[in-house]
Every structure is written in C-alpha cells, then in structure tokens.
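Fold and geometry: a report
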Amino acid sequence: MDVRHLSDFLGFSAEKLQKHNLFKSERFFLDVYCLTPGQSQKPHKHATSDKVYLVLEGQCRFRIGADEASHGPGAALFAPAGVEHGVTNDGPDNARLLVLMTPPPEHA
C-alpha cells in the first residue's frame, strides 16, 4: 500500500512556488503546491485536462475564467479543461494547496 501524509509536504522556497508530487500516473497527478505570501501561478490553461485545487492552509486568490475570489482552508475549486486559471497567495501566511489534474498535461 502506497501511503503519503500531507503533513510531510511542506517545502517552501523564496524564489517561486514549489510543487511536490504525491502520486502520478498516465491518467492523473496529485501535487501539493506550497506558496509563500505574494507567490503565484500565472494564469494558463490546459486544452484537455481538468484541475481541482483544494486549499489546505492559508488564503489564496483564485482566477478561473472570468471569476476571481479569495478562499481559505477547505475550499475546493474546479478549473475545467480549456478555461484559463491561476492562483496567488494573497494572505499574510504561507499557503498549501492539494492539486489534482486529470489527465496530466501533455508536454512537448
């Protein structure tokens, strides 16, 4: 049985947000994103991949399509394939997000 504990994924960097992979297959990936205050993932989109963000800790501003709002722990947000999305830690503390994408994006 392959077991991971979310509390083990706490790596932050002053330079940029950190992505820590928990699980990955050809069908999905599950990561923990760690963002210090002010860090962001610039808006982008995936033609054939859906993404879900789940806020574990902190406060982040999410942009999905034309909608933008801040959310804290327990909030889950869905970014469907083809829709531009991004996130910024707009809170005063570090933030951690559980991020699921299916299928993983294709890389050229």
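Residues numbered from 1 in each chain as written. Predicted model: local features only at pLDDT ≥ 70, side-chain atom pairs only at ≥ 80, totals over all residues. Heavy atoms only, no water.

Named according to an unreviewed UniProt entry, the protein chain is Cupin domain-containing protein originating from Archangium minus.

1. Describing the pattern of salt bridges
Applicable threshold: When a carboxyl oxygen of Asp or Glu is within 4 Å of a side-chain nitrogen of Lys or Arg, the pair counts as a salt bridge. Note on exposure labels: buried denotes an accessible area under 20% of the residue type's maximum, exposed denotes more than 50%, and partly exposed covers the range between, all computed with a 1.4 Å probe on protein chains only. Only runs of H or I of at least four residues qualify as helices and only runs of E of at least two qualify as strands under DSSP, and these elements are numbered from the N terminus.
Summed over all chains, the structure comprises 5 salt bridges. In this structure, Arg4 and Asp2 form a salt bridge, with 3.0 Å as the shortest nitrogen-oxygen distance. Given a relative accessible area of 49%, Asp2 falls into the partly exposed group. A salt bridge links Glu57 to Arg96; its shortest N-O distance comes to 3.2 Å. Linking Glu57 in strand β4 (residues 50-57) with Arg96 in strand β9 (residues 95-102), this pair joins segments that are 39 residues apart in sequence. The class of Arg96 is buried, set by a relative accessible area of 5%.

2. Considering the sheet that holds strand β3 (residues 40-44)
The cut-off we apply is this: We treat two strands as partners when DSSP finds at least two bridges between them. The axes are straight lines fitted to the C-alpha atoms, using for helices just the contacting stretch, and the angles between their N-to-C directions are given from 0 to 180°.
Here we have 4 strands laid out as an open sheet, ordered β3-β8-β5-β6, and antiparallel in their pairing. Each edge of the sheet is formed by a strand with only one pairing partner; in this case those strands are β3 and β6 (67-71). Neighbouring strand axes in the sheet, compared pairwise and without regard to direction, differ in orientation by 20° on average. Two strands pair when backbone bridges link them, and strand β5 (residues 60-64) and β6 are joined in this way by 5 bridges, in the antiparallel orientation. Its bridge partner lying in β6, Arg63 is registered against Glu68.

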